[in-house]
Amino acid sequence: MASHKIILGITGGIAAYKAAELTRLLIKNDFDVQIVMTESASHFITPLTFQALSGKEVLTNLWKSNASNGMSHIELSRDYDLIVIAPASANFLAKLTHGFADDLLSSLCLARVCPIAVAPSMNMHMWTNKATQRNVSQLKKDGVLFCGPDSGEQACGDIGFGRMMDTEELLKSIQNHLTPKILKNKKILITSGGTIEMIDDVRGITNLSSGNMGAAIANTANSMGASVTLITSKYQNFSENINVIYASNAHTMYDAVLQHIKDQDIFISVAAVSDYKPKEKFKGKLKKDSLNLTLQLTPTIDILKEVGLSKNKIFKVGFAAESENLIENAQKKMKAKNLDLIVANLIHESVSLEDTKVSIIDKNNVIDLPKSNKIIAAKAILKEIAHRINADK
Ligand SMILES: Cc1cc2nc3c(=O)[nH]c(=O)nc-3n(C[C@H](O)[C@H](O)[C@H](O)COP(=O)(O)O)c2cc1C
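A quick note: this is a predicted structure, and the numbers were derived from the prediction, not measured. Note that residues are indexed from 1 along each chain, following the sequence as it is written. Reporting of local features is limited, given that this is a predicted model, to residues whose pLDDT is at least 70; pairs of side-chain atoms are given and counted only at 80 or more, and all residues count toward the totals for whole chains, interfaces and linings. Note that water and hydrogens are dropped before the side-chain values are worked out from all heavy atoms of the structure.

**Points about the site of the ligand**
Spelled out, the test is: Being near a molecule or strand, for a residue, comes down to having at least one heavy atom within 4 Å of it. Contacts described as polar in this section are N or O atom pairs within 3.5 Å, which, within protein, must combine one atom able to donate a hydrogen with one able to accept it, while residues neighboring in sequence count only if both atoms come from side chains. Here the Shrake-Rupley method, with its probe set to 1.4 Å, supplies the accessible areas, and only the displayed protein chains count as covering residues. Think of it this way: any DSSP run of H or I at least four residues long counts as a helix, any run of E at least two long counts as a strand, and we number them from the N terminus. Charged residues are taken to be Asp, Glu, Lys and Arg, nonpolar residues to be Ala, Val, Leu, Ile, Met, Phe, Trp, Tyr, Cys and Pro, and polar residues to be all remaining types, Gly included.
Taken together, 14 residues surround the ligand, and among them Gly 12, Thr 38, Ser 89, Ala 90 and Ser 121 come closest. Gly 12 has a polar backbone atom sitting 2.6 Å from an oxygen atom of the ligand. The contact in question runs from a nitrogen atom of the ligand to an N or O atom on the backbone of Ser 121, over 2.8 Å. Protein burial of the ligand: of its 640 Å² of free accessible surface, 64% is covered by the chains. Ranked by residue count, the leading element in the shell around the ligand is helix H5 (residues 90–98), at 3 residues. Tallied by class, residues from the shell around the ligand come to 6 nonpolar, 8 polar and no charged.

Here it is, written out as structure tokens:
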């Protein structure tokens, strides 16, 4: 079952094409999306595009009702968690302010029983016009959530406020708005990404970890209200209020962990830290004619074990990527490193992929989750952690 049901209302503006990308992102992130378009919106992009992306009939007509009692305009918002209007035209904001209900989208907004968010998109002079600004301030008083607009170059060539918020940012605002703050007041330290141990100035020992799972956990923990510090080897798209520290190898990652672990409530080690490093690093670039080269390796520091065996009272979570005997090996690792919880996944089902299939293991239980994308898995993992931490109080 999808985590949230939203109505995505699309109105007539140049940015209507961006709603296609937003629809794709919402579906990828486990939203059940019902598209409703104004008549003007369908001059910019066809309902067929959204039907293909959402897998559902796109609703456009007040008089062609899908509800059994013929009252789609009232029925629709009953069953949904949020209405998002993106792009929201100047005209639609004016209609929303004054309670107009002359088409399906404006009628269902007036009849809504769920919250509403708008992502305005218009020419900068339309945006700064006193009439629009009056409407915006009234809508804010009425509890309408505003996402953007952003400033920048516009389709007409003007530069200023009025661009629709970037779709990835809009997705984050929507997720943030809908996510219960189950990790409020909690501090979480996360490590993420595959490390690299340099052999010479350009080559290194690394692994296939993409950092996607760590990024999904960090962004989701942030939207659940946690204060997140992320130590990572990968440059990725992180929520703005995450404290991101880059560390490329086991040694620098360990230093960063030591520096930040004090006062944390939870430590989640998602990083695939190299187990070995070259005994010595060669200066410059090794030449191909260095035949019969033997690389001597030495173990790196085991960050998770160090944290696990420390006296620190934080809730400790590890990840185990295994090629066989998944649960058994993960349970052994949990015990050896003194962890409260371990997330086990098979390498061929998770490493460097968008999807994953994980089992969440503690001292008493094994919870097998179905295959899903990493954001959905992150939500489930963090819910289990929050459940245990809040039960400990
Ligand atoms: C080419 C073109 C581009 C437009 N772009 C925008 C826009 O970006 N934002 C906006 O508020 N209105 C824009 N308009 C005007 C709206 O389409 C118009 O106000 C329309 O009535 C909005 O209808 P709706 O709010 O029911 O979707 C544009 C009109 C045209 C012809």
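Past the structure itself, the notes keep going.
**Let's talk about the sheet that holds strand E16 (residues 315–322)**
For clarity, the cut-off: The pairing criterion for strands is at least two bridges between them, as found by DSSP. Throughout, an axis means a line fitted to C-alpha atoms (over the contacting stretch in the case of helices), and angles, computed between N-to-C directions, take values from 0 to 180 degrees.
Taken in spatial order, the 8 strands line up as E12-E11-E8-E13-E16-E17-E19-E20 in an open sheet, and their pairing is mixed. Among the strands making up the open sheet, the edge pair consists of strand E12 (243–246) and strand E20 (366–368). When strand polarity is set aside, the average angle formed by the axes of neighbouring strands in this sheet is 15°. As paired elements, strand E8 (residues 187–192) and strand E11 (residues 227–232) share 6 bridges and run parallel to each other. Residue pairing for E11: Ile 190 is matched across the bridge by Leu 230.

**A short note on unusual backbone geometry**
Note the following rule: A 1.4 Å probe rolled over the protein chains alone gives each residue an accessible area, and that area as a share of the maximum for its type sets the label: buried under 20%, exposed over 50%, partly exposed in between.
Residue Pro 87 is bonded to the preceding Ala 86 through a cis peptide linkage, with omega at 0°. Tracing the backbone through its elements, the reader meets Pro 87 in strand E3 (residues 82–88). One non-glycine residue with positive phi stands out, namely Asn 325, at about 40°. By secondary structure assignment, the location of Asn 325 is in the loop between E16 and helix H13 (326–336). Look at Asn 325 and you get partly exposed, because its relative accessible area is 47%. In this structure, Ser 352 takes a positive phi of about 65° despite not being glycine.

**Considerations on the packing of H5 against helix H8 (residues 130–141)**
The condition is simple: Every angle not falling under 35 degrees, over 145, or within 65 to 115 is termed oblique; those three ranges are roughly parallel, roughly antiparallel and roughly perpendicular. In this scheme the crossing of two helices becomes right-handed for a clockwise turn of the near helix relative to the far one and left-handed for an anticlockwise turn of less than a right angle. Note on contacts: a residue pair is in contact if any heavy atoms of the two residues lie within 4.5 Å.
One way to put it is that H5 packs onto H8 with a least axis distance of 9 Å and a crossing angle of 50°. Judged by the inter-axis angle, H5 sits oblique to H8. For the pair H5 and H8, the crossing hand works out as left-handed. Touching Ala 90, Leu 93, Ala 94, Leu 96, Thr 97 and His 98 of H5 are Thr 132, Asn 135, Val 136, Gln 138 and Leu 139, all from H8. For the contact of H5 with H8, a count of residues per class yields 6 nonpolar, 5 polar and no charged.

In short, geometric facts, not functional conclusions.
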